[in-house]
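Spelled out, the chains give:
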Amino acid sequence: MVVKFPVIQLIHDLNPCFSLSPFSAKYLIQLGKGDCVLLVHNHPSGDPSPSRQDIDITRQIVEAGKRLGIAVHDHIIMAGGGHTSLRAQGLL
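The following refers to the structure shown. Just so it is clear, the structure is predicted and the values come from calculations on it, not from any experiment.

Across its full length, the protein chain carries two helices and three strands. Across the 92 residues that make up the protein chain, the buried fraction comes to 29%. Sequence separation of at least 24 residues holds for 61% of the intrachain contacts in the protein chain that already meet a minimum separation of 6. When the accessible surface of the protein chain is totalled, it reaches about 6,700 Å², and 58% of it is carbon and sulfur.

So this is what it looks like as C-alpha cells:
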C-alpha cells in the first residue's frame, strides 16, 4: 500500500526566527487537507541538536494540534550530514 502525503513547504527568507501561530499552523495543515503533520527544518550551523526555541515551538504546535485534532508525528532537524528527531529524543 502506497500512501501519498501532500507536502507544504514554508519558506521564511527574511528572518530565520519566526513565530508560527496556531491559526497559521491550522491554515497550513488545511491546505494539505491533513490530520497530521511532520515538522522538518534545517540548522545551517551544521549541528542538528534542537535549540530551546525548537523545543518550545514544537510543544506549542503539539498543543495547538491537540485542540484542532491534528497529530504532530515528529519534528526533525537536518544539519550537516545528520539529523535529530525530537520524538526519538523524548522531546515530543
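What follows concerns helix α2 (residues 52-68). With 17 residues, α2 extends 24 Å from end C-alpha to end C-alpha; this agrees with the ideal 24 Å at 1.5 Å per step. Phi for Gly69, located one or two positions after α2, is positive at around 75°.

This part is about the environment of Gly69. Assignment of secondary structure puts Gly69 in the loop between α2 and β2 (71-79). Put simply, Gly69 and Asp35 are 34 residues apart on the chain and 6.9 Å apart in space, counted from C-alpha to C-alpha.

Across the sheet, three strands lie side by side as β1-β2-β3; this open sheet has mixed pairing. For this open sheet the edge positions go to β1 (36-42) and β3 (82-85), each flanked by a neighbour on one side alone. Going across the sheet, the axis of each strand differs from the next one's by a mean of 20°, ignoring polarity. Alignment of β1 against β2, held across seven bridges, turns out to be parallel.

Let us look at the pattern of salt bridges. One pass over the full model with this rule turns up two salt bridges. One salt bridge in this structure joins Arg52 and Asp56, with 3.1 Å as the shortest N-O distance. Of this pair, Arg52 and Asp56 are both found in helix α2, four residues apart, which corresponds to roughly one turn of the helix. We classify Asp56 as partly exposed; its relative accessible area is 32%.

Here we take up the pairing of β3. Note: β2 against β3, four bridges, orientation antiparallel. The residue of β3 that forms the bridge with Met78 is His83. Where β2 folds back on β3, the antiparallel hairpin that results is connected by two residues, among which Gly80 adopts a positive phi of roughly 55°.

What counts and how
Residues numbered from 1 in each chain as written. Predicted model: local features only at pLDDT ≥ 70, side-chain atom pairs only at ≥ 80, totals over all residues. Heavy atoms only, no water. Helix = DSSP H or I, 4+ residues; strand = E, 2+ residues; numbered from the N terminus. Buried < 20%, exposed > 50% of the residue type's maximum accessible area, 1.4 Å probe, protein only. Contact = heavy atoms within 4.5 Å. Areas by Shrake-Rupley, 256 points an atom, 1.4 Å probe, with all protein chains shown as cover. Expected span 1.5 Å × (residues − 1). Pairing = 2+ DSSP bridges. Axes fitted to C-alpha atoms, helices over the stretch in contact; angles between N-to-C directions. Salt bridge = Lys/Arg side-chain N within 4 Å of Asp/Glu carboxyl O.

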